[in-house]
Every structure is written in C-alpha cells, then in structure tokens.
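One-letter residues, chain by chain:
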Amino acid sequence: DTAVSQTPKYLVTQMGNDKSIKCEQNLGHDTMYWYKQDSKKFLKIMFSYNNKELIINETVPNRFSPKSPDKAHLNLHINSLELGDSAVYFCASSRWGGRTEAFFGQGTRLTVV
Amino acid sequence: QQQVKQSPQSLIVQKGGISIINCAYENTAFDYFPWYQQFPGKGPALLIAIRPDVSEKKEGRFTISFNKSAKQFSLHIMDSQPGDSATYFCAAHGSSNTGKLIFGQGTTLQVKP
C-alpha cells in the first residue's frame, strides 16, 4: 500500500492550459508539502500545509494554488502554464515538528510544450 | 544563509570502495540534517539523519560525520555497491517546526562493478 501517492505520474500539456496534480497520504501525518525538482535535480520547497492550514508559501507565483481538503490530501492546481513550469513535482508528508522523516511520493513529471 | 552547499556534483567509485559526499551550511539555527537517496523515476527516500548535538551516526554501511564548529557534514558509504548508484541529497531543517527542508544540489553516485 503506497504511503504517499500522486496522480498523474506524467503530465504533458500546452502553454496556457490549467492542470492539477493530486496527492494523498495514508500515514496519518498532519503535515504535507509540495516540492519542485528542476532539470538539474535541485529540490526546492513550494508549499507546506499543517492540518489543512497553509504554513509555508515560498514566493511561488500566484498561478500555483495548493488546496488541502483534509489532512490526508494536498492538491496543486496550476493556471496558465508556462514553459518554465516544466519540472518534477513531489508531494511529501511528515509528522509535525520537522525533525522527522519526510515521505515523498513518486513525483509528477510535468512537461509544458 | 538559507543555502546548503553540496559537493561533488558527481562521483564514480569502484565496487567495494568508499564514497564520500560533503555538505556545508551557514545558518546555525539548522537543527536536523538528513540525507536522502533518490533512484531514477522515484521520489527521495530518507537514508540517515543526524542532529547537531551528535558528531557521528552510523547505520550499516552509511555514516554521517558532523562538524558543528566548521558547519559541515558528510556522508560516507563504506563498501560501496552497484545498487548504491543513485542521487544523494543532503538537507537541513530550520528550527521553526515547519518541516521545511533545504536541500543541497545533489550528488550523482555511480558505483562500477
């Protein structure tokens, strides 16, 4: 049973489109994250939610809007996609407090053409 | 101050050899230093982690050495195996309890048979 699952695994779309990535965790964690991994494999946090409340927003463009309907789900909606949005997006979860293991999903490879 | 610098960018080691990856940080408020391992097409997974009040932590063939005064830490992989071939990321967590991880740039390790 997958701990952190993301859908879709691959997403190819045209510039200007709107797309969503879904994430679910079954670990009972109360904190969830979105990370972006660029073409050089650099990982950077985008957002973090704790108990459905946004606690980190790393100056990500407004076109990116996370939504957490409950503790186990964190979705990412992206409006007006740009070429530079092409990357691998990882969802992760952990217990609150930070000094603990973060579990990552398998990633969503987004390609904007 | 929020950066973690990792080196080398890539590393080739013979089977049975020792792989060493180094990281340096500036922010003395960082309080947790995990290493993540990532295989192609997969999400990062926690390998081993250390807190700054400990100078060394060993788990099987993997050892973290931590030098608080120098603000440096390193991962040593003893008896490196081809199955260890992956990308390794060091990371640091701040003291804010948010769980935000700041990652190094990653090291691609290839272990030759």
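An account of the accompanying structure is given in this report. (Residues numbered from 1 in each chain as written. Chains lettered and ligands numbered in written order. Predicted model: local features only at pLDDT ≥ 70, side-chain atom pairs only at ≥ 80, totals over all residues. Heavy atoms only, no water.)

### Thoughts on the overall build of chain B
Note the following rule: Helix numbering and strand numbering both begin at the N terminus, where a helix is a DSSP run of H or I of at least 4 residues and a strand a DSSP run of E of at least 2. Radius of gyration here is computed from C-alpha atoms only, and the compact-globule reference equals 2.2 Å multiplied by the residue count raised to the power 0.38.
Along its length, chain B carries 0 helices and 11 strands. If you list the helices and strands of chain B from N to C, you get β-β-β-β-β-β-β-β-β-β-β. Whereas a compact globule of 113 residues would reach a radius of gyration of roughly 13 Å, chain B reaches 13 Å, a difference of no more than 12%. Considering only C-alpha atoms, chain B reaches an extent of 45 × 30 × 20 Å along its principal axes.

### Concerning the pairing of strand 2 (residues 10–13) of chain A
All names here are of chain A. Stated formally: Relative accessibility under 20% of the residue-type maximum defines a buried residue, over 50% an exposed one, and the middle range a partly exposed one, all with a 1.4 Å probe and only protein chains included. Any two strands with at least two DSSP bridges between them are considered paired.
Residues Leu11 and Thr13 point to one face of strand 2 and are all buried, whereas Tyr10 and Val12, pointing to the other face, are not buried. When strand 2 meets strand 11 (residues 108–112), the two strands line up parallel, connected through 4 bridges. Within the sheet, the bridge partner assigned to leucine 11 lies in strand 11 and is leucine 110.

### Some words on the pattern of salt bridges
The criterion, for reference: The working definition used for a salt bridge is a side-chain nitrogen of Lys or Arg within 4 Å of a carboxyl oxygen of Asp or Glu.
What the rule picks out here adds up to 8 salt bridges over all chains. In this structure, Arg63(A) and Asp85(A) form a salt bridge, with 2.8 Å as the shortest nitrogen-oxygen distance. Taken together, the residues span a long stretch of sequence, with Arg63(A) in the loop between strand 6 (53–57) and strand 7 (64–70) and Asp85(A) in the loop between strand 8 (73–78) and strand 9 (87–94) at a distance of 22 residues. When its relative accessible area of 4% is taken as the criterion, Asp85(A) is described as buried. The salt bridge involving Arg99(A) is made with Asp31(B); its shortest N-O contact spans 2.5 Å. Of this pair, Arg99(A) sits in the loop between strand 9 and strand 10 (103–104) while Asp31(B) sits in the loop between strand 3 (19–25) and strand 4 (33–38), each in a different chain. Taking the relative accessible area as the measure of exposure, Asp31(B) reaches 15% and is therefore buried. In the salt-bridge network here, residues are joined through shared partners; they are Lys44(A), Glu58(A) and Lys100(B).

### Description of the packing of aromatic side chains
To be explicit about the condition: Stacked, edge-to-face and tilted are the three classes for Phe, Tyr and Trp ring pairs, Trp counted by its six-membered ring, which pair at centre distances within 6.5 Å; planes under 30 degrees apart are stacked, over 60 edge-to-face, the rest tilted.
Following the criterion strictly, the structure yields 18 aromatic pairs over all chains and no others. Centroid distance Phe89(B) to Phe103(B): 6.1 Å. Interplanar angle 85°. Geometry classified as edge-to-face. Of this pair, Phe89(B) sits in strand 9 (residues 86–93) while Phe103(B) sits in strand 10 (residues 101–103), and the two are 14 residues apart along the sequence. Exposure remark for Phe89(B): the relative accessible area of 0% places this residue in the buried category. Taken together, the aromatic side chains of Tyr33(A), Tyr35(A), Phe90(A), Phe104(A), Tyr36(B), Phe89(B) and Phe103(B) make up a single cluster linked through ring pairs.

### Brief notes about the state of the cysteines
Residues and elements named next belong to chain B. Inclusion rule: The disulfide criterion used throughout: a pair of cysteine sulfur atoms within 2.5 Å.
Summed over the entire model, instances satisfying the criterion amount to 2 disulfides over all chains. The residue that forms a disulfide with cysteine 23 is cysteine 90, at a sulfur-sulfur distance of 1.9 Å. One disulfide, between cysteine 23 and cysteine 90, carries an S-S torsion of -95° and so falls in the left-handed class. Taken together, the residues span a long stretch of sequence, with cysteine 23 in strand 3 and cysteine 90 in strand 9 at a distance of 67 residues. There is no split in this pair, since cysteine 23 and cysteine 90 are both buried.

### Quick look at the interface of chain B and chain A
To keep it simple, the criterion reads: In this description, contact between two residues means that some pair of their heavy atoms is separated by no more than 4.5 Å. As used here, buried area is the combined drop in accessible area, with a 1.4 Å probe, of two parts when they are placed together. Pairs of N or O atoms within 3.5 Å make up the polar contacts considered here, provided that, within protein, one atom can donate a hydrogen while the other can accept it, and that residues adjacent in sequence are counted only when both atoms are side-chain atoms.
Each side of the interface is counted separately: chain B has 24 residues, and chain A has 25 residues. Between chain B and chain A, the buried area comes to about 1900 Å², and carbon and sulfur atoms account for 55% of it. The largest share of the area that chain B buries against chain A comes from Asn97(B), Lys100(B) and Phe103(B), three residues that together contribute 26% of it. At the junction of chain B with chain A, the criterion picks out 2 salt bridges. On the surface where chain B and chain A come into contact, there are 8 residue pairs in polar contact (both at pLDDT 80 or more). Looking at the side of chain B that touches chain A, the elements that each hand over two or more residues are strand 4, strand 9 and strand 10 of chain B.

### Brief notes about the side chain of His93(B)
Note that His93(B) resides in strand 9. Here His93(B) falls in the buried class, since its relative accessible area comes to 0%. Excluding its chain neighbours within four sequence positions, the residues that come into contact with His93(B) are Gly97(A), Gly98(A), Arg99(A), Ala29(B), Phe30(B), Asp31(B), Tyr32(B), Thr98(B), Gly99(B), Lys100(B) and Leu101(B).

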